[in-house]
Amino acid sequence: KSLTIGLIPADGIGKEVIPAARTAIEALGSDIPTPKFVDLIAGFETFTRTGVALPEETVEVLKNDCDCALFGSVSSPSRKVVGYSSPIVALRKILDLYANIRPVVSVSPSPDEPSKVDMIVVRENTECLYVKQEQQTFGEHGKEARATRLITERASTRIGKMAFELALARPRRHLTVIHKSNVLSVTDGLFRESVRAVQTKDPRFEAVTVAEQLVDSAVYRQYFPIYDVMVAPNLYGDILSDAAAALVGSLGVVPSVNAGDTFVMGEPVHGSAPDIFGQGIANPVASIRSAALMLRHLGYTEAAHRIDNAVDSVLREGQLLTPDLGGTAKTQEYHISLQKNS
Ligand code: NAI
Ligand code: MG
């Protein structure tokens, strides 16, 4: 059976970095039976051209023809645009990709040395403030805006299970539950309780040590190597993983997968980077590593390993450093390097 991979570069540097992820799979994915790629569209540019940010056809092809997908980045405007809604947020919902798994790992000076930073942020992907139920009204003192923050036992439990499984598979077997239930005792309280209850229902998880940390100090404490796996509601997880990216040098190297029970989608943690788009200097490492993460999730461990190794060795030797990492390398140079490695 062949493996069909949907490619959705979307906007901005997504269009520059997703091709490098494809090259990595083509060059180093020899244990994958004939990978097939399907080009799909979505994003703000698609919206301005067609009036829809996530075309029906893209969703149908992903559901019916693809085994997995790679998503680049979208340029969502900060102002409200009538009819527009972020396609990545929608895709996570439609495909029920309830977990966003974001490993943040630094490159060690030699392959035998452990990485200084090595943690995984597990972000709940379907609810919290990202249900986007916002309203503006007029009150006694002028405009008032409200948002609904949805936390359910079901979603918190399944993300908790995912986090315990990931922690169990790592040498340290440590899980930190991130919340702010000192202030938001009802919503964050439910998240915290639901995650903790997961451990009492599966004896395998007794091997995992569990800690808790309030989200604000968690961002601070990430600076010290105390975390192993962190599990957080949607918004906190989003913020924590961008903060963690600073510890490993750049948002341009941090990958993720959006995972559900039946589908997986790789996606760099960064956005569409309009400040550097079009210059050919976007760091493709986050996308290449997202491809590896996606393949590992599907059981293609050899290909994943080869791709990660190829990236680690060029970074370790200080070759191919794009400007975000202090170098002068271009995105395109990665294509050449990956092909040489094959
Ligand atoms: P951003 O992640 O696009 O950029 C933040 C900073 O990091 C910029 O200085 C950028 O140049 C740099 N950077 C990011 N990725 C890089 C890479 N691969 N190589 C080199 N430098 C890189 O975040 P920002 O500026 O807050 O948002 C820009 C746009 O991206 C917005 O429209 C936002 O809505 C969208 N966005 C989309 C996301 C997604 O598609 N999942 C996630 C985050 C933001
Ligand atoms: Mg983000």
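Reading the values: rules and limits
- Residues numbered from 1 in each chain as written.
- Chains lettered and ligands numbered in written order.
- Predicted model: local features only at pLDDT ≥ 70, side-chain atom pairs only at ≥ 80, totals over all residues.
- Helix = DSSP H or I, 4+ residues; strand = E, 2+ residues; numbered from the N terminus.
- Rg over C-alpha atoms; globule rule 2.2 N^0.38 Å.
- Buried ≥ 20, exposed ≤ 12 C-beta atoms within 10 Å, placed from the backbone.
- Contact = placed C-beta atoms within 7 Å.
- Core = buried A, V, L, I, M, F, W, Y, C linked by C-beta atoms within 7 Å.
- Domains from an automatic or database assignment.
- Near = placed C-beta within 6 Å.
- Nonpolar A, V, L, I, M, F, W, Y, C, P; charged D, E, K, R; others polar.
- Pairing = 2+ DSSP bridges.
- Axes fitted to C-alpha atoms, helices over the stretch in contact; angles between N-to-C directions.

Peer 1: Just to check I follow, could you spell out the overall build of the protein chain for this structure?
Peer 2: Summing up its helical and strand segments, the protein chain has eleven helices and twelve strands in all. The C-alpha radius of gyration computed for the protein chain amounts to 20 Å, which stays within 12% of the reference 20 Å derived for 342 residues, consistent with globular compactness. Split into buried and exposed, the 342 residues of the protein chain put 46% on the buried side. Considering only contacts in the protein chain between residues 6 or more positions apart, those separated by 24 or more positions represent 73%.

Peer 1: What exactly am I supposed to notice about the nonpolar core here?
Peer 2: Where a protein is soluble and globular, its nonpolar side chains tend to be buried together. Within the largest apolar cluster, 95 residues are counted, with the highest numbers of intra-cluster contacts made by Val122, Met230, Val231, Ala291 and Ile307. In terms of residue count, helix H9 (residues 285–297) provides more of this core than any other element does, eight residues in total. Here this core spans two domains, since at least three of its residues come from each of domain 1 (1–97 + 272–342) and domain 2 (118–247). Setting aside anything within four residues of it in sequence, one finds valine 122 in contact with Ala99, Ile101, Ile159, Met162, Ala163, Leu166, Val229, Met230 and Val231.

Peer 1: Explanation requested: the site of ligand 1 in the structure shown.
Peer 2: Contacts to ligand 1 come from 21 residues, most closely from Ser76, Gly252, His270, Gly271 and Asn283. Class assignment for the residues of the shell around ligand 1 results in ten nonpolar, nine polar and two charged.

Peer 1: Any chance you could explain unusual backbone geometry here in plain terms?
Peer 2: Most peptide bonds are trans, and most residues other than glycine sit at a negative phi. Positive phi is not limited to glycine here, since aspartate 96 has a value of about 50 degrees. Note that aspartate 96 resides in the loop between helix H4 (87–94) and strand E4 (99–105). The phi dihedral of alanine 273 is positive, around 40 degrees, even though this residue is not glycine. With respect to the secondary-structure elements, alanine 273 resides in the loop between strand E12 (264–266) and H9.

Peer 1: Could you clarify how one ought to interpret the sheet that holds strand E5 (residues 118–124) in this entry?
Peer 2: Within a beta sheet, neighbouring strands are joined by backbone hydrogen bonds and run either parallel or antiparallel to one another. Read across the sheet, ten strands follow the order E2-E1-E3-E12-E11-E4-E5-E10-E8-E9 without closing on themselves; strand pairing throughout is mixed. Here the strands that pair on one side only, and so sit at the sheet edges, are strand E2 (35–39) and strand E9 (209–214). With direction set aside, neighbouring strand axes in the sheet form an average angle of 25 degrees. Its contacts with the sheet put helix H1 (residues 14–28) on strand E1 (3–10), E2 and strand E3 (68–73), and the angle it makes with E3 is roughly 150 degrees. Contacts between helix H8 (residues 234–247) and the sheet are confined to E4, E5, strand E8 (174–179) and strand E10 (229–232), with E5 contributing the most and set at about 155 degrees to the helix.

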